[in-house]
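Reading the structure
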Amino acid sequence: MQVAVHADAERRQFFGVICSIIAAGLFGVAVGMIMPLLPLRMESWGVEPFWIGLNAAASSVAIFIIAVRMQPLLARFYLPNVLYVGVALFCVSLIGMAYWENLIAWFFFRFVLGIGVALLWIGEEIWISKASPEHLRGRLIALYAALFAGSAAVGPLVLQLTGLEGTMPFWAVVGLTLLSIVPIALAHNAAPSFQGEGRIAMRTVVKAAVFLLLAGAMAGVADGAAWSMLSLYGLLVGMDEGVAVLLPSVHLIGALVLQAPVGWIADRMDKSAVLAVMAGLSSLTALVMWLAGPGTPVFWLALFCAGGFMMGLYSVALSILGQRFKSGGLAAANAAFIMCFEIGIMTGGPATGAAMQTIGAPGLLLVMGGGCFLVVLAWPFRQRLGG
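Attention here is on the structure that accompanies the text. (Residues numbered from 1 in each chain as written. Predicted model: local features only at pLDDT ≥ 70, side-chain atom pairs only at ≥ 80, totals over all residues. Heavy atoms only, no water.)

With respect to the overall build of the protein
What the protein contains, in helices and strands, is 15 helices and zero strands. Taking 387 residues into account, the globule formula puts the C-alpha radius of gyration at 21 Å, and the protein, at 20 Å, falls close to it. Dimensions of the protein along its principal axes, counting C-alpha atoms only, are 65 × 50 × 35 Å. Sorting the 387 residues of the protein into buried and exposed places 57% on the buried side. The contacts of the protein with a sequence gap of at least 6 include a subset with a gap of at least 24, amounting to 86%. Looking at the protein as shown, the accessible area adds up to about 15300 Å², and 70% of this sits on carbon and sulfur atoms. Averaging the coordinates of the 18 positive side-chain charges in the protein and doing the same for the 16 negative ones gives two points 16 Å apart. (Helix = DSSP H or I, 4+ residues; strand = E, 2+ residues; numbered from the N terminus. Rg over C-alpha atoms; globule rule 2.2 N^0.38 Å. Buried < 20%, exposed > 50% of the residue type's maximum accessible area, 1.4 Å probe, protein only. Contact = heavy atoms within 4.5 Å. Areas by Shrake-Rupley, 256 points an atom, 1.4 Å probe, with all protein chains shown as cover. Lys, Arg positive; Asp, Glu negative; His and termini not counted. Charge placed at Lys NZ, Arg CZ, Asp CG, Glu CD.)

Written out as structure tokens, the structure is:
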């Protein structure tokens, strides 16, 4: 009898994980749409790259603030209810952007957008990490990372149908985000509960995993530079708008396709070594893109590989973190990891904008590759840095 009850509980938890992954995939399409949409709309107003990057950092500030408060939030409110609030804030901010094209107003809307993103992103990731069966944890995290990357890659393609002008693309993003509520609602009663779970101070997590958090931060620098500025980079090097908007898609398709081999290799080798290889290859692909020149076959191949290696840097670090804190404190560790990732994005966006304004379009590649190379430099000291 007890075995049957336990098996039923495991099936319910697994169903909840799958529903959370599906919700993350639907939300990923929405995120993939706003990545090129928002900077290109601001560029059409004549906004300089630095201010475009700084505006993107407003979301990162919000995500950082929510990450700090996520553990007590989940201790007080049931996880699906937190996700519903995230959907509402995300949608309201986008509707505001659709009808009020003003840079100052967009700083406020991007901040609210960031709160919604944080509640959805951190909440769904914690759900998946917490409820995944131990023997399937690595594969489910890889599935989540691949599905999110793949769905985000679809986002710019959807923009080809909606166009960049008017309110239509914003309403399309809102519709997709609202659709992500369906799998969350279906698994409402299958979500993990965090009430009564002991709290672990952030400083404890940081001391135990400095190297992994550094990897998360540098992945944020690289990904933040790519996600927020690739489309603008394409315009600055002379690509047509229709081609420039596809650059984030190629980057994210690479993340989707290469997650399976990256995960396979990580399961069979020392994960920290794989982490260093991902960082090194990410730096190398940025250099190759610079040397090959925009629009060449080598450029497109390097962009594709960069997406896979940079996502691999994130997913392998997250997998190591899950192993390290599987016996307790996973919510705090996951929140700390995302905080560091967002610190990277928060600094990467403005740094990329400033670099592009100073040295031109190659500034993007300099920031992308430089952040990952710092992980390579820190790898020999990983034992002292909790890695």
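What to know about the packing of aromatic side chains
In the structure shown here, the tally under the stated rule is 12 aromatic pairs. Both rings, one in F27 and one in F90, keep their centres 5.1 Å apart while their planes meet at 70 degrees; by these two values the pair is edge-to-face. Of this pair, F27 sits in helix α1 (residues 2-44) while F90 sits in helix α3 (residues 79-99), placing them 63 residues apart in sequence. Ring centres of Y314 and F337 lie 5.2 Å apart, and the angle between their planes is 55 degrees; this geometry places the pair in the tilted category. Here the residue Y314 occupies a position in helix α13 (residues 297-324), and F337 occupies one in helix α14 (residues 330-359), the gap between them amounting to 23 residues. Summarising the burial analysis for this pair, Y314 and F337 share the class buried. In this structure an aromatic cluster arises from ring pairing among W121, Y314, F337 and F341. (Phe/Tyr/Trp six-rings, centres within 6.5 Å; stacked < 30°, edge-to-face > 60°.)

Some words on the packing of helix α2 (residues 49-76) against helix α9 (residues 210-236)
Closest axis-to-axis distance for the α2/α9 pair is 10 Å, and the angle between their directions is 155 degrees. In terms of their interaxial angle, α2 and α9 are classed as roughly antiparallel. The element α2 and its partner α9 pack so that their crossing is right-handed. Across the interface between the two elements, P49, I52, G53 and A56 of α2 pack against S228, M229 and L232 of α9. Partitioned by chemical class, the residues of the contact of α2 with α9 number five nonpolar, two polar and no charged. (Axes fitted to C-alpha atoms, helices over the stretch in contact; angles between N-to-C directions. Parallel < 35°, antiparallel > 145°, perpendicular 65-115°, else oblique. Left-handed = near helix turned anticlockwise from the far one by under 90°. Nonpolar A, V, L, I, M, F, W, Y, C, P; charged D, E, K, R; others polar.)

Some points on empty space enclosed by the protein
The tally for this structure, following the rule as stated, stands at two cavities of 30 Å³ or more. What the largest cavity holds in volume is close to 570 Å³. Contributions of two or more residues to the lining of the largest cavity are made by α1, α2, α4 (103-131), α5 (137-162), α9, α13 and α14. A per-element tally of the lining of the largest cavity places α1 first, with seven residues. Residue composition of the lining of the largest cavity, grouped by class: 22 nonpolar, five polar and four charged. (1 Å grid on protein atoms, 1.4 Å probe; cavity = no way out; pocket = protein on both sides within 12 Å on 5 of 7 lines; lining within 4 Å. Points joined across faces, edges and corners; volume = space filled by probe spheres on them.)

Considering the nonpolar core
F90, L94 and L313 are the most contacted members of the largest nonpolar core, which has 132 residues in total. Sorting elements by how many residues they give to this core places α1 first, with 16 residues. Filtering out sequence-adjacent residues up to four positions away, F90 remains in contact with F27, A30, I34, L113, G116, V117, V173 and T177. (Core = buried A, V, L, I, M, F, W, Y, C linked by side-chain atoms within 4.5 Å.)

Digging into a nonpolar patch on the surface
Judged by side-chain polarity, L284, L287, W290, L291, I359 and L366 come together as a nonpolar surface patch covering roughly 610 Å² of accessible area. Counting residues per element, the nonpolar patch draws most heavily on helix α12 (residues 271-292), which supplies four residues. Locating L291 in the fold gives a position in helix α12. Residue class for L291 comes out exposed when judged on its relative accessible area of 67%. (Patch = residues over 30% accessible without salt bridge, like charges linked within 9 Å, V, L, I, M, F, W, Y side chains within 5 Å. Salt bridge = Lys/Arg side-chain N within 4 Å of Asp/Glu carboxyl O.)

Some details on the pattern of salt bridges
Within the structure shown, the criterion is met by one salt bridge. Residue R41 is joined to E101 by a salt bridge in which the shortest nitrogen-to-oxygen separation is 2.2 Å. Taken together, the positions of R41 in helix α1 and E101 in the loop between α3 and α4 put the pair 60 residues apart, joining distant regions of the chain. Owing to a relative accessible area of 5%, R41 belongs among the buried residues under this scheme.

Concerning the side chain of T352
Relative to the helices and strands, T352 resides in helix α14. By relative accessible area, which is 0% here, T352 ends up buried. The contacts of T352, once residues within four sequence positions are left out, are A225, M229, L364 and V367.

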